[in-house]
Structure formats: C-alpha cells, structure tokens
Amino acid sequence: MKKNFLSTLKTPFFYYIESYGCHMNTSDTEIIISILSKNGFLLTNNLKKAHIILLNTCAIRKKAELSIEKRLDNLRYLKSNNQKIPLFGILGCLSKSEKYSNLIDFSIGPNSYRKIPDIIRLVMMNDEKKIKIHFYYLIIKMKHMKILVPIHNKKKITTFLSITRGCDNMCTFCIVPFTRGRERSSSPYSIIKECENLYEKGYKEVTLLGQNVDSYLWFGGGLKKKIKIDNSNEKIIDFSRLLDLLASKIPFMRIRFSTSNPHDMSDRVIEVISKHSNICKHIHLPVQSGSNKILKLMNRKYTIEKYLSLIQKIRSIVPECSISHDIITGFCNEEEEDHLETISLMNKVKYDYGYMFSYSPRPGTYAYKKLKDNVPENVKKRRLKEIIDLQRIHSIFRMKKYLGTIQEVLIEGKSKKNNQDWYGRNTQNIVVVFPKKLSKIGETVFVKITNCTSATLIGKIDDNENK
Ligand code: 5AD
Ligand code: SF4
C-alpha cells in the first residue's frame, strides 16, 4: 500500500505566521496560534524550519493587497522544484482571491479559523496533488458569535478582544462586509468571563474590538430586532451596558474600545465612559469626509452637523477625552470644495491624531461597481498630503497641552529608541516615553511631561506622585 504523505514527515509540525492589517487581524492571529497550539502544531520564527507558512492577510486597501503579493513573491523560493513542503496558506480577508493559486495550498476565510488544523491535515494527507480548499463562508444564519479567545501565555500587559465580528453597515467603499460577513455579537457573559480571566493572568488593559462596537447588541441569543433600548429591559445588553458591566466587574483593568461609529454612538455610551475611571478617555471616531455630499455617496448615514454635535456632546460630558479619526481622500466625485470641507471640519475638531488614506476601489463594493473612481491619482496624493500636514499641526497643538502636566501611564515595554526608557500610554491613548528608574512593566506610574513630538509625549517619573 502506498504510504500516506503525512506519515513520511517527522512530527511535530512547525508553522510560521505573519499578520497584516488591523488590530482585529492581530487579535485573530493570536487566536489562530492558540488553535494550532492546542492541536499540536508548533510555532517557529524560523521560516526555513517551517512545514507550514501562514499569512493572515488584509484586503481593506489596494496597498495592503500589493504588500502581501510582494511578500509572497519573496517567499516563493522556499517552495522551489514543486515540492510539497512548506505548505502555503492564505488566511484572512484576502483568502477569496484567486491570484496566488499557483503557490497557495489552502485558503481560509476569517469565519473558519476553527477549521485550520483539520484543513492543514487534509492538505498534508493528500500527496497526489495540491488541494485547493476554499473554506470561505458567511455565517449568515448565525444569531450570535461564539467567542474565540487566544491562550495567553506570552507575558503581555495589554491585549485585544473581539466583541463583534463582521459589519452590517455597507459603507460603499468598504470590503469588510464582504470579507468578514454579517455582524454578530458575542455573549456578554463570555466577554466578562474572558476579561476576568485576562485580569487574573496579569493583563492590565483590554481593548474591545469590533468594526462598529456601538452596534453591539445581545438579546439573550435571540435575533437582532430594531427596538428602543432603555433601562427597563435588563435582558437586553447594548454596548453602553456591556461597558458599564465590565468596568464595574474589573475595576482595576483599563478598558479601551475601537471602532466607534458616529451613526450608532449613543449618549449612554458617553455617560458610561465618564462614569468609570477605568474606561479610557479616547474615542476613535472615523469621519471619512467633511462633505455631506461625499458622506451620502459613502452611505455613512450621518451628516457633518450631526457628527459635530456628537463631538460637542463628547467634549461636554468627557472634557479630557481624546478623539481620533479616519479620513479617506479622493473618493468618487470628490471635488475641491468637498476637500475644503474636510479641511474645515478638521480645523473645527482639531483631532488628537488620525489615519488618512487615499481612496482605492475594492472589487465587490458598491463604489467599485456603481461609482466612478474619477479623482486623478495626483490629485488624491496632493489632497492626502494636505490633510496629513494639517493633522500634524493639530496633533502638535493637542500634545503641547500636556506639557507640564502629570500623566498616569501604564508601562507596556521598552522604548524602541532607547533601552533605558519605558514606553506606555496615558488614558487618551497617547504614547509616553520616560527613563525607567525603578519602575516595572505592568505598573502604572505618574509621569511629568517635559517635551513632545507630534506623536509622543516625553517626560520623567514624578517621585512625589508615585510615593
Ligand atoms: N480605500 C481607502 N481607504 C479605505 N478604508 C476602508 N476602505 C477603504 C478604501 N476602499 C479606510 C477607512 C476605514 C479604515 C479602516 O480604512 O477610513 O475607516
Ligand atoms: Fe467598513 Fe463601514 Fe463597516 Fe467600518 S462601518 S467596517 S468602514 S462597512
């Protein structure tokens, strides 16, 4: 009888994994590592030792896709002469793409990570030919999401936890609803349990993740319906209740969350942020454009007037709150006056920081199919530079306000630039760098701010405050 290919290989099997894209992908990569470890696969940092090479990919912009294409080309030499090992697997949002089919042995979409060990075994056992398993499906019928949690054995201080997966918003430029599927929320009980678990293991900060955390909703497992949520129905848990419950249950754990959607953020969420000192005072509130015409084309479901009144509400209820943004420049039909409206909005808000992108059409989206990508590349580039330059000015303006103040900083690790310095973040999510003195990773210290750049605060531990 012919020997099975799997039995000719020495176990254990080593795998190597690279992660691209957003925090959600970083968190998914930790989950994938946990699933593979539980199934006897061993993680290696040595590409040449790996039997399996995994890339957890991102499809949000063309640029992200190109960098993965380039990486695959660089890795191609590892599989010369048509040999079977290493197996190449594409995970994440690009798993649907057919582009890399001559190199890739399997692809697994973001909703199927639990199947990774089975799929790897299946591909390994087939020694006749490469198997292309496209195990991508959307869990449309699923009413809620069973929480996937990583095994946390690395000594880390901060971590991410996905509370929702997928997105129902259908912004016309965005590929996420197509790659990650319909939105599902995890049960609040599993989220609270996992956060308590993390705290017991020594974590000091957790960031709750979702494409749109404000639409988190738990009906005790029932179907999501459109109803008014007030304090009378204890069974229904929306994002404000989840935050409130979590912050009360684990009062010494810092809680962050991302991403907030201006259309869905409720006053109750803002009030809960102000009520609990352990909920960090930072909101990432992507606006995407300062023009109502463009917001409509993007299907963002709010106007600039509504957005500004939300900002005003945040600042009146939580005055110390930092606010960051995402902006896309050069979206379909964006004219100079739309761009100037974005600039005017930025001048009004003076964001603490932000992420700015030039529009890239993504196959499958409404904008790709129905709208014209009609802003020339050089115009997109110029507008992008203008908003990046403006944001730098606003960031410096905001950072200077911290000079001379004392900031409570959770120490996360060594500064990249100087071994003698720690880096950590204050509640506003601003990076603070300072000399170590006798402090340790995981401690919260008070730091007097003496200097700043547009992205970093620089200071020294304040001995009086830390007594
Ligand atoms: N082109 C450019 N930027 C995009 N983003 C999402 N899709 C696109 C696209 N097609 C940006 C949005 C979003 C962030 C995560 O990525 O600003 O908020
Ligand atoms: Fe994409 Fe819009 Fe959903 Fe964000 S809210 S993931 S931009 S569709």
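Below, the structure is looked at part by part. (Residues numbered from 1 in each chain as written. Chains lettered and ligands numbered in written order. Predicted model: local features only at pLDDT ≥ 70, side-chain atom pairs only at ≥ 80, totals over all residues. Heavy atoms only, no water.)

**Quick word on the overall build of the protein chain**
- When its secondary structure is counted, the protein chain shows 13 helices and 21 strands.
- With 467 residues in all, the protein chain has 55% of them scored as buried.
- Within the protein chain, contacts between residues separated by at least 24 positions form 72% of all contacts whose residues are at least 6 apart in sequence.
- Carbon and sulfur atoms make up 54% of the accessible area of the protein chain, which totals about 22,600 Å². (Helix = DSSP H or I, 4+ residues; strand = E, 2+ residues; numbered from the N terminus. Buried < 20%, exposed > 50% of the residue type's maximum accessible area, 1.4 Å probe, protein only. Contact = heavy atoms within 4.5 Å. Areas by Shrake-Rupley, 256 points an atom, 1.4 Å probe, with all protein chains shown as cover.)

**A look at the site of ligand 2**
- The full set of residues close to ligand 2 is Cys 167, Asn 169, Met 170, Cys 171, Phe 173, Cys 174, Val 176, Pro 177, Gln 211, Asn 261 and Arg 300.
- Residues belonging to the shell around ligand 2 are distributed by class as follows: 7 nonpolar, 3 polar and 1 charged. (Near = heavy atom within 4 Å. Nonpolar A, V, L, I, M, F, W, Y, C, P; charged D, E, K, R; others polar.)

**Topic: the sheet that holds strand S21 (residues 456-461)**
- A barrel is described by the order of its strands in space; here 5 strands give the closed sequence S17-S18-S19-S21-S20, paired in mixed fashion. Pairs of neighbouring strands in the sheet enclose a mean axial angle of 55°, with direction left out of account.
- Looking at chain direction, strand S18 (residues 421-425) and strand S19 (residues 431-435) are connected through 5 bridges and run antiparallel. Of the residues in S19, the one forming a bridge with Arg 425 is Val 431. (Pairing = 2+ DSSP bridges. Axes fitted to C-alpha atoms, helices over the stretch in contact; angles between N-to-C directions.)

**Structural notes on the side chain of Lys 281**
- Tracing the chain through its elements places Lys 281 in the loop between helix H8 (267-275) and strand S14 (282-284).
- No salt bridge is formed by the buried Lys 281, whose closest oppositely charged neighbour, Glu 320, lies at an N-O distance of 5.1 Å.
- Of note is the side chain of Lys 281, whose polar atom sits 2.8 Å from the backbone oxygen of His 276.
- Beyond its immediate chain neighbours, meaning those up to four positions away, Lys 281 contacts Ile 273, His 276, Val 318, Glu 320, Cys 321, Ser 322, Thr 427 and Gln 428. (Lys, Arg positive; Asp, Glu negative; His and termini not counted. Salt bridge = Lys/Arg side-chain N within 4 Å of Asp/Glu carboxyl O. Polar contact = N/O pair within 3.5 Å; in protein donor to acceptor, adjacent residues only side chain to side chain.)

**Some thoughts on the site of ligand 1**
- Around ligand 1 sit Ile 60, Arg 61, Phe 173, Gln 288, Asp 326, Ile 328, Phe 357, Ser 358, Tyr 359, Ser 360 and Arg 362, and those are all the residues in its vicinity.
- Here an oxygen atom of ligand 1 and a side-chain polar atom of Gln 288 are 2.7 Å apart.
- Ser 360 places a polar main-chain atom, nitrogen or oxygen, 2.7 Å from a nitrogen atom of ligand 1.
- Relative to its unbound accessible surface of 410 Å², ligand 1 loses 87% to contact with the protein.
- For the shell around ligand 1, the secondary-structure elements that each account for two or more residues are strand S15 (322-329) and strand S16 (353-358).
- Looking at the shell around ligand 1 residue by residue, the classes come out as 5 nonpolar, 3 polar and 3 charged.

**Details of the sheet that holds strand S13 (residues 254-258)**
- The strand order across the open sheet built from 3 strands is S7-S10-S13, with neighbouring strands paired in parallel fashion. The open sheet is flanked by strand S7 (158-162) and S13, the only strands paired with a single partner. The average undirected angle you get between the axes of adjacent strands in this sheet is 25°.
- The pairing of strand S10 (residues 205-209) with S13 spans 5 bridges and is classified as parallel. Along S13, the bridge assignment pairs Thr 207 with Arg 256.
- On top of the sheet, helix H2 (residues 23-38) reaches S7 and S10; it is set at about 95° to S7, its chief contact.
- Along the sheet, helix H7 (residues 239-249) makes contact with S10 and S13, crossing S13 at roughly 160°.

**Overview of H7**
- Of all the residues in H7, the buried ones are Phe 239, Ser 240, Arg 241, Leu 242, Leu 243, Leu 246 and Ala 247.
- At its buried positions, H7 is contacted by helix H6 (188-200), S10, strand S12 (237-238), S13 and H8.

**Quick word on the pairing of strand S3 (residues 52-57)**
- Of all 6 residues in S3, 6 are buried, a share of seventy percent or more.
- Going residue by residue along S3, you find Ile 52, Leu 54 and Asn 56 tucked away on one face and Ile 53, Leu 55 and Thr 57 tucked away on the opposite face as well.
- One ladder, built from 5 bridges, connects strand S1 (residues 14-19) with S3; its direction is parallel. Note that in S3 the partner of Tyr 15 across the bridge is Ile 52.
- The sheet contact formed by S3 and strand S4 (residues 87-92) spans 6 bridges and is parallel. If you follow Thr 57 over to S4, its bridge partner there is Gly 92.

**Quick word on the packing of aromatic side chains**
- Applying the stated criterion to the full structure yields 6 aromatic pairs.
- Site record: aromatic cluster; members linked through ring pairs are Phe 173, Phe 331 and Tyr 359.
- Lying across the ring of Phe 397, Lys 350 places its NZ or CZ 5.8 Å from the centre.
- Of note, Lys 436 hangs over the ring of Trp 422, and the distance from its end group to the ring centre comes to 4.7 Å. (Phe/Tyr/Trp six-rings, centres within 6.5 Å; stacked < 30°, edge-to-face > 60°. Lys NZ or Arg CZ within 6 Å of the ring centre and 35° of its normal.)

**What about unusual backbone geometry?**
- Cis geometry marks the peptide bond from Ser 258 to Thr 259, where omega comes out at 15°.
- Inspection of the secondary structure assignment puts Thr 259 in the loop between S13 and H8.
- Backbone geometry places Gln 288, a non-glycine residue, at a positive phi of 75°.
- Its location among the elements puts Gln 288 in the loop between S14 and helix H9 (292-297).
- Residues other than glycine seldom take positive phi values, yet Asn 299 does so here, at roughly 60°.
- Tracing the backbone shows Asn 299 in the loop between H9 and helix H10 (304-317).
- Since its relative accessible area comes to 30%, Asn 299 is described here as partly exposed.

**Let's talk about the pattern of salt bridges**
- Summed over the entire model, instances satisfying the criterion amount to 27 salt bridges.
- Across the pair Asp 244 and Lys 275 runs a salt bridge, and its minimum N-O distance is 3.0 Å. Placement of Asp 244 in helix H7 and of Lys 275 in helix H8 is noted, with a sequence separation of 31 residues between them.
- Among the salt bridges present, the one from Asp 338 reaches Lys 293, with a minimum N-O distance of 2.8 Å. With a gap of 45 residues between them, Asp 338 in helix H11 (residues 336-349) and Lys 293 in helix H9 connect regions that are remote in the sequence.

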